[in-house]
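# Structure assessment
Each chain, written out:
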Amino acid sequence: MLTDARVMFAHVQITGFVILFPYICSLKNNRKHTMEIYKVSLKKNCDTRIKFGHLWAFSNELAELPKLPAGTIVELCDFAGKSYGHGFYNPSSLISVRLLKTFDVPDKALFVKRIGEARHLREAVLGNMTSERSQSIDMCRLVFSESDLLPGLIIDKYGDYFAVQILSAGIEAMKAIVVEALLEVFPNTKGIIEKNDTKLREIEGLPMTSDILFGEIPDTIISQENGVKLELSLKDGQKTGYFLDQRNNRYFIRSIAKDLSVLDCYTNQGGFALNAGLGGARKLAAIDCSEVALNAVRANAKLNNLEIETIKADVADYLTKAGERGEKWDMIILDPPAFAKNRKSVPKAKAAYGKINRLAMKMLNENGYLIASSCSHHVFEDVFRETIYREACKAGKQLKQIFRGTQAPDHPILLSLPETQYLKFFVFQVV
Ligand SMILES: C[S@@+](CC[C@H](N)C(=O)[O-])C[C@H]1O[C@@H](n2cnc3c(N)ncnc32)[C@H](O)[C@@H]1O
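Residues numbered from 1 in each chain as written. Predicted model: local features only at pLDDT ≥ 70, side-chain atom pairs only at ≥ 80, totals over all residues. Heavy atoms only, no water.

### Some thoughts on the pattern of salt bridges
Per the stated rule, a full pass over the model turns up 25 salt bridges. One salt bridge in this structure joins Glu202 and Lys199, with 3.9 Å as the shortest N-O distance. Two residues, Glu391 and Lys394, come together in a salt bridge whose shortest N-O distance is 3.3 Å. Of this pair, Glu391 and Lys394 are both found in helix 10 (residues 381–395), three residues apart, which corresponds to roughly one turn of the helix. Using a relative accessible area of 8% as the deciding quantity, one classes Glu391 as buried. One connected set of salt bridges, linked through shared partners, spans Glu172, Lys175, Glu194 and Arg201. (Salt bridge = Lys/Arg side-chain N within 4 Å of Asp/Glu carboxyl O. Helix = DSSP H or I, 4+ residues; strand = E, 2+ residues; numbered from the N terminus. Buried < 20%, exposed > 50% of the residue type's maximum accessible area, 1.4 Å probe, protein only.)

This is how it looks when you write it as structure tokens:
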């Protein structure tokens, strides 16, 4: 409801993209303006998920879809008018409201608090690892969207540099505040880059951009994970620079790689191959279809005094041909991009996961290791494992599961929002 107020339209110009959102300000309070904002109501009996902590209201759950600009801050209420707090509204997305879990109107102080809490969590869970592992939050996912109660905001930290990805119109409208808050929590920041070049933004009606938001970003920076040195490009790398979610799983691979020959498929910048190398692997090869990624593998191999053969190929093609010529490995790692982007594509994704895992298990030496990973949220863990198990049955192989992992602790999973869990990771001994 628009009550008791005067309307202030704030025009936020973001890289040629204008978001207009209504601020309704009342001056009841001298210290700060409190904003009264539009109430959006859920239909009757549509609040069960939200009552138990889910943070999204879908368009078919709302009593009406008001004509407000994407990114408007609204208050979400149940049918009887009970408030669930403020959230970001987007009338053109299936997720109409993304709750922020606050009854205050979001402002810089909220962002400082939430980013500060996210920092504290990372320091607590990453900072106390043993001396070999990453000893600080030097390189980590600092903010993981809804899991840190900042819907649609991802911030990755690489030393004093930050890569930001914005996946909601609400955060996009508050981008300048996000930058200010980040600088307040990390006053030594040297540069902030937005890596908003993902297609996921289309769902929220946002354009693809990649800009420097603060300071300077060098062409490459040297960072480290689990003691592995990495030369990273925040400007050119995929995602926000590095696939940080596999941190702990890479370390497990390192712990079992001694004396093995290791083929790292979908290597990107060599994360698994480098860890296997530092773990004492006797032979390393890494496959990717991207030459930019393979250049990074070569640079990283040099930095860590390792030899890694780089192969530019489509993994499925490579495994098919290599299998036919009898190539064998002690460990094959499969960490492909998400094969299922939505629920509809799950059957196709299962077939694709099945194919590469079948090809790989046939190329393993006796008692070799198959490393099967999937970052498709929609392919659930039991479905993923069942898919691989079926391929093993067809191939007459036994799979012995020796490790099961998921995303690293700097990508926390909200149990009330299953969508925050996406990474599956299995180590099977194939016997
Ligand atoms: C999820 S990332 C892998 C992350 C990596 N394993 C790590 O630890 O950082 C997927 C990688 O697969 C590559 N890729 C995508 N499709 C491919 C294909 N058909 N064949 C080979 N590489 C592919 C991408 O270029 C990207 O580097």
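### Details of the site of the ligand
In the vicinity of the ligand lie 16 residues, with Arg250, Asn268, Asp288, Asp314 and Asp335 positioned nearest. Between the ligand and Asp335, the relevant distance is 2.7 Å, taken from a nitrogen atom to a side-chain nitrogen or oxygen of the residue. For the shell around the ligand, the residue count by class is eight nonpolar, four polar and four charged. (Near = heavy atom within 4 Å. Polar contact = N/O pair within 3.5 Å; in protein donor to acceptor, adjacent residues only side chain to side chain. Nonpolar A, V, L, I, M, F, W, Y, C, P; charged D, E, K, R; others polar.)

### So, the side chain of Asp288
Here Asp288 lies in strand 17 (residues 283–288). An unpaired buried charge is present at Asp288: no salt bridge exists, and Lys312, the closest side chain of opposite charge, is 8.8 Å distant. In this structure the side chain of Asp288 is engaged in a polar contact, spanning 2.8 Å, whose partner is the backbone nitrogen of Asn268. Not counting residues up to four positions away in its chain, the partners in contact with Asp288 are Tyr266, Thr267, Asn268, Ala293, Leu294, Ile311, Lys312 and Ala313. (Lys, Arg positive; Asp, Glu negative; His and termini not counted. Contact = heavy atoms within 4.5 Å.)

### Considerations on the nonpolar core
Formed by 37 residues in total, the largest nonpolar core has its most connected members in Tyr158, Ile253, Val262, Ile308, Met331, Ile371 and Val427. The dominant element in this core, judged by the number of residues it contributes, is helix 6 (residues 271–278), at four residues. Two domains share this core, each providing at least three of its residues, namely domain 2 (108–221) and domain 3 (243–430). With residues up to four places along the chain from it excluded, the contact list for Val262 reads Ala276, Ala281, Lys283, Leu284, Ala285, Trp329, Met331 and Ile333. (Core = buried A, V, L, I, M, F, W, Y, C linked by side-chain atoms within 4.5 Å. Domains from an automatic or database assignment.)

### Focus: the pairing of strand 8 (residues 95–99)
Of all five residues in strand 8, five are buried, a share of seventy percent or more. Across three bridges, strand 5 (residues 56–58) lies against strand 8 in antiparallel orientation. Its bridge partner being in strand 8, Trp56 is matched across the sheet by Arg98. Pairing of strand 7 (residues 83–89) with strand 8 involves three bridges; the strand directions are antiparallel. Paired with Gly87 across the bridge in strand 8 is Leu99. Between strand 7 and strand 8, which follow one another and run antiparallel, lie five residues. (Pairing = 2+ DSSP bridges.)

### Here we look at the packing of helix 5 (residues 247–256) against helix 6
If you want to describe how two helices pack, look at the angle between their axes and the distance between the axes. In contact at an axis separation of 7 Å, helix 5 and helix 6 are set at 35° when each is read in the N-to-C sense. Along this stretch, helix 5 crosses helix 6, giving a crossing that reads as right-handed. Between helix 5 and helix 6, the contacting residues are Asn249, Arg250, Tyr251, Ile253 and Arg254 on the first element and Gly271, Phe272, Asn275, Ala276 and Leu278 on the second. Residues of the contact of helix 5 with helix 6, tallied by class, amount to five nonpolar, three polar and two charged. (Axes fitted to C-alpha atoms, helices over the stretch in contact; angles between N-to-C directions. Left-handed = near helix turned anticlockwise from the far one by under 90°.)

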